[in-house]
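Chains, contacts and geometry: an overview
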Amino acid sequence: MYCEDFVPEDEVLLRARGRAAELGCASISAGTGAALSAVAAALRARAVVEVGTGTGVGSLWLLRGMPTDGVLTTIDIEVEHQRAAKTAFAEAGIRSTRTRTIPGRASEVLPRLTDGAYDLVLVAADKPRYADHAEQALRLLRPGGVLAIDGALARGRVADPAVRDETTTIVRHVGRQLRDDERVVPAMLPVGDGLLLAVRR
Ligand SMILES: C[S@@+](CC[C@H](N)C(=O)[O-])C[C@H]1O[C@@H](n2cnc3c(N)ncnc32)[C@H](O)[C@@H]1O
């Protein structure tokens, strides 16, 4: 699709995507990556959190938008996925000081991160716990910081009220909660699988 390919992916990103396919791990779409990169650049985001490293596709897009002294903290329960992501970071020539890869469950790692210390938080893992992750992310963000939730349209299922399976219902509920939350300015971008942005007031 034109929007998804508007900012093309280079060889490093394509190889990271290939590793994801080999490991059976999903990646954010190129259109989602380009949107996140632009948001990171607009924020001059020096401190970013990613929930769900995967093989580093989202990480690479985020790092490209961040200033060169910015640090990405990225969390994943699968050590093998993070190992593949580190390969991608090395291929992209990213200094090791720019990434903090934390192995572990997001619900256990996020509470350990500092309040109000982050410019951008991407949630891209563990849909059943999206509500908890979103709440933790709002705690981590400084005013003007951005919470980004990938998969917010769940392949079109969220927009169809007839679809009521558990995961879709959770994702739909989180979207509506953020839409109505006085603490944020929300927007749903129709890139990839749906990218919900909520800017902390
Ligand atoms: C959709 S993939 C992430 C894609 C990645 N952001 C990218 O674009 O390349 C989801 C990742 O989240 C990890 N994951 C699943 N549940 C998790 C949890 N509770 N805490 C941390 N990571 C989790 C999986 O191992 C997987 O690597």
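Residues numbered from 1 in each chain as written. Predicted model: local features only at pLDDT ≥ 70, side-chain atom pairs only at ≥ 80, totals over all residues. Heavy atoms only, no water.

Within an unreviewed UniProt entry, the label attached to the chain reads O-methyltransferase, and the organism entered is Paraoerskovia sediminicola.

**Regarding helix α2 (residues 11-23)**
Keep this limit in mind: For the purposes of this entry, the term helix denotes a DSSP run of H or I that reaches at least four residues, the term strand denotes a run of E that reaches at least two, and both are numbered from the N terminus. To estimate how far a helix should reach, multiply one less than its number of residues by 1.5 Å. Relative accessibility under 20% of the residue-type maximum defines a buried residue, over 50% an exposed one, and the middle range a partly exposed one, all with a 1.4 Å probe and only protein chains included. The arc in question is formed by the directions pointing from the helix axis toward the C-beta atoms. Contacts were defined at the residue level, with two residues in contact if any of their heavy atoms lie within 4.5 Å. What qualifies as a polar contact is a pair of N or O atoms within 3.5 Å, subject to a donor-acceptor requirement within protein and to the restriction that residues adjacent in sequence count only when both atoms come from side chains.
The first and last C-alpha atoms of α2 sit 18 Å apart over 13 residues, in line with the 18 Å expected at 1.5 Å per residue. Regarding α2, the residues found buried are V12, L13, A16, R19 and A20. Buried positions in α2, seen along its axis, are confined to an arc of 115 degrees and lie on one side of it. The exposed residues of α2 that point more than 90 degrees off its buried face are E11, A21 and E22. Buried residues in α2 make contact with α4 (57-65) and α5 (79-91). By the N-cap criterion, in which a side-chain oxygen at the helix start approaches the backbone nitrogen of a residue two or three places on, α2 is capped by D10, the distance to V12 being 3.2 Å. G24 occupies a position one or two residues after α2 and carries a positive phi of about 70 degrees.

**Structural notes on the packing of α2 against α4**
This is how it is decided: Each axis is a line fitted through C-alpha atoms, taken for helices only over the stretch in contact, and angles between the N-to-C directions span 0 to 180 degrees. Oblique is the label for any angle not covered by the other classes, which are roughly parallel (under 35 degrees), roughly antiparallel (over 145) and roughly perpendicular (65 to 115).
Viewed as axis vectors pointing N to C, α2 and α4 meet at an angle of 155 degrees, and their least axial separation amounts to 9 Å. Taken together, the axis directions place α2 and α4 in an arrangement best described as roughly antiparallel. Where α2 approaches α4, its residues V12, L13, A16 and R17 are matched on the opposing element by V57, L60, W61 and R64.

**Observations concerning the site of the ligand**
Here is the rule we go by: Summary of the distance rule: residues count as near a molecule or strand when at least one heavy atom falls within 4 Å of that molecule or strand. Residue exposure ignores everything except the shown protein chains as possible cover, and the areas themselves are Shrake-Rupley values with a 1.4 Å probe. Three classes are used, and their members are as follows: Ala, Val, Leu, Ile, Met, Phe, Trp, Tyr, Cys and Pro are nonpolar, Asp, Glu, Lys and Arg are charged, and the others, Gly among them, are polar.
In the region of the ligand, 21 residues are neighbours, and I28, G52, D76, H81 and A106 sit closest. Interatomic distance of 3.2 Å between a side-chain N/O atom of E50 and a nitrogen atom of the ligand. Take D126: an N or O atom from its side chain is 3.0 Å from a nitrogen atom of the ligand. Look at the ligand: alone it shows 600 Å² of surface, and the protein chains cover 87% of it. Among the residues forming the shell around the ligand, the class breakdown is 8 nonpolar, 8 polar and 5 charged.

**Quick look at the nonpolar core**
Rule in force here: For our purposes a nonpolar core is just a set of buried Ala, Val, Leu, Ile, Met, Phe, Trp, Tyr and Cys residues, chained together by side-chain atoms within 4.5 Å.
L60, L62, M66 and L120 are the most contacted members of the largest nonpolar core, which has 31 residues in total. Every element with two or more residues in this core is listed here: α2, α3 (30-43), α4, α5, β4 (118-123), β5 (141-150) and β7 (195-200). With 7 residues, α3 is the largest single contributor of residues to this core. Once residues lying within four places of it in the same chain are set aside, the contact partners of M66 are A40, A45, R46, V48, V71, L72 and R98. Residues V123, Y130, A137 and L147 belong to the second largest nonpolar core, which totals 29 residues.

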